[in-house]
Amino acid sequence: RARVRPHAWEHSARLRATRPRYFLGEALLILLAGFVLRMWNLGGASLWTDEVLTAIRAQTPLDNSLHSIFSSGNQTPFYFMSLRLLPVDSDMLLRLPSALWGIAGIALIMIAAVRLFNSYDLALASGLLLSVNPYHVLLSRTARPYALIFVLALVMSVSFLLILRGNHSRALWIAFAASSMLAYITHYTLFALPATQVILLAIFARNDRALLTRWA
């Protein structure tokens with residue numbers, strides 16, 4: 001019958017754990033393991049159907065690329081447009097941005113564990129599990145937006161939770177707004193996140209008109 005107390009939750013966000021000496025070394029090893037798994041023989045396999053579409057959208061004239069994206073009905077342009085700014089004339093280079101986003105996701109989930117739960121051990125555990133997760137490894141080695149989607153969803157969610165806990169810094173709001181904007185023009189499925197945010201706002205901040213207005 002216990003009720004959630006928002007002020008206690010906010011207080012936990014202000015606590016800071018002491019970083020153990022072994023943390024940075026082990027975090028670097030986890031990132032190295034993730035790097036090797038995602039970069040090894042990255043261009044070895046042939047492109048599959050959706051990757052061929054990515055290559056077309058990254059290399060054809062802009063109007064043809066946009067027509068291909070919007071005619072599919074379930075795509076948004078940010079990921080494909082970003083590839084047009086990069087060298088993608090080989091299978092390895094086409095997949096490289098996803099591999100790098102996958103590695104960034106490992107680093108960010110460790111940062112998220114520290115910021116949200118003040119636990120460096122949890123950060124190492126979550127980073128290790130993600131670095132060797134077969135599904136995440138596979139999608140980080142694919143020329144599709146999935147690894148980027150993971151990063152944007154993570155930044156968007158962590159910044160929102162920190163704001164909900166009472167951290168209303170300008171930098172955090174900018175991070176939340178920018179990641180939300182990029183998320184919505186990366187994939188339609190990311191519109192599910194505002195729905196979860198509405199639920200949390202209804203639970204923890206239904207009387208905070210200033211927060212609700214700024215969020216909206």
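Whatever comes next refers back to the structure up there.
Nothing here was measured: the structure is a model prediction, and the numbers come from that model.

Visitor: Hey, could you run me through the pattern of salt bridges in this one?
Guide: Opposite charge on two side chains permits them to pair, given that their charged atoms come into close proximity. A full pass over the atoms with the stated rule returns one salt bridge. Here Arg-95 makes a salt bridge to Glu-51, at a shortest N to O gap of 2.9 Å. Taken as a pair, Arg-95 in helix 6 (residues 91–117) and Glu-51 in helix 3 (residues 49–59) lie far apart in primary sequence, 44 residues in all. For the pair formed by Arg-95 and Glu-51, the shared burial category is buried.

Visitor: Hey, could you run me through the packing of aromatic side chains in this one?
Guide: Both the distance between ring centres and the angle between the ring planes are used here to describe each pair of aromatic rings. Per the counting criterion, the structure on display carries five aromatic pairs. Relative to Tyr-120, the ring of Phe-23 lies with its centre 4.9 Å away and its plane at 75°, an arrangement referred to as edge-to-face. One end of the pair, Phe-23, is in helix 2 (residues 23–39); the other, Tyr-120, is in helix 7 (residues 120–131), and 97 residues separate them in sequence. With respect to class, Phe-23 is no different from Tyr-120; both count as buried. For the pair Tyr-79 and Phe-80, a centre-to-centre distance of 5.3 Å together with 75° between the ring planes defines the contact as edge-to-face. In this pair, the class of Tyr-79 matches that of Phe-80, namely buried. An aromatic cluster of three or more residues is present, and its members are Phe-160, Trp-173 and Phe-176.

Visitor: What's the story with the packing of helix 9 (residues 146–164) against helix 11 (residues 192–204) in this structure? I'm lost.
Guide: A packed helix pair is summarised by two numbers, namely the angle formed by the two axes and the spacing between the axes. The contact between helix 9 and helix 11 brings their axes to 11 Å, and the two run at 10°. As summarised for this structure, helix 9 and helix 11 are arranged roughly parallel, according to the angle between their axes. Crossing of helix 9 over helix 11 shows right-handed handedness. In this structure, helix 9 uses Ala-153, Met-156, Ser-157, Phe-160, Leu-161 and Leu-164 to contact helix 11, whose residues at the interface are Leu-193, Pro-194, Gln-197, Leu-200, Leu-201 and Phe-204. Of the residues assigned to the contact of helix 9 with helix 11, the class counts are 10 nonpolar, two polar and no charged.

Visitor: Help me understand helix 4 (residues 62–72), please; the structure alone is not making it clear to me.
Guide: Residues lying three or four places apart along an α-helix face the same way, a consequence of the helix completing one turn every 3.6 residues. Looking at helix 4, one finds that the buried residues are Ser-65, Ser-68 and Ile-69. For helix 4, the angular spread of the buried residues around the axis is 95°, confining them to a single face. Exposed positions of helix 4 whose direction lies more than 90 degrees from the buried face are Asp-63, His-67 and Ser-71. In the core, the buried residues of helix 4 are packed alongside helix 3 and helix 5 (78–83). Looking one or two places after helix 4, you find Gly-73, whose phi comes out positive at around 85°.

Parameters at a glance
- Residues numbered from 1 in each chain as written.
- Predicted model: local features only at pLDDT ≥ 70, side-chain atom pairs only at ≥ 80, totals over all residues.
- Heavy atoms only, no water.
- Salt bridge = Lys/Arg side-chain N within 4 Å of Asp/Glu carboxyl O.
- Helix = DSSP H or I, 4+ residues; strand = E, 2+ residues; numbered from the N terminus.
- Buried < 20%, exposed > 50% of the residue type's maximum accessible area, 1.4 Å probe, protein only.
- Phe/Tyr/Trp six-rings, centres within 6.5 Å; stacked < 30°, edge-to-face > 60°.
- Axes fitted to C-alpha atoms, helices over the stretch in contact; angles between N-to-C directions.
- Parallel < 35°, antiparallel > 145°, perpendicular 65-115°, else oblique.
- Left-handed = near helix turned anticlockwise from the far one by under 90°.
- Contact = heavy atoms within 4.5 Å.
- Nonpolar A, V, L, I, M, F, W, Y, C, P; charged D, E, K, R; others polar.
- Arc of directions from axis to C-beta.

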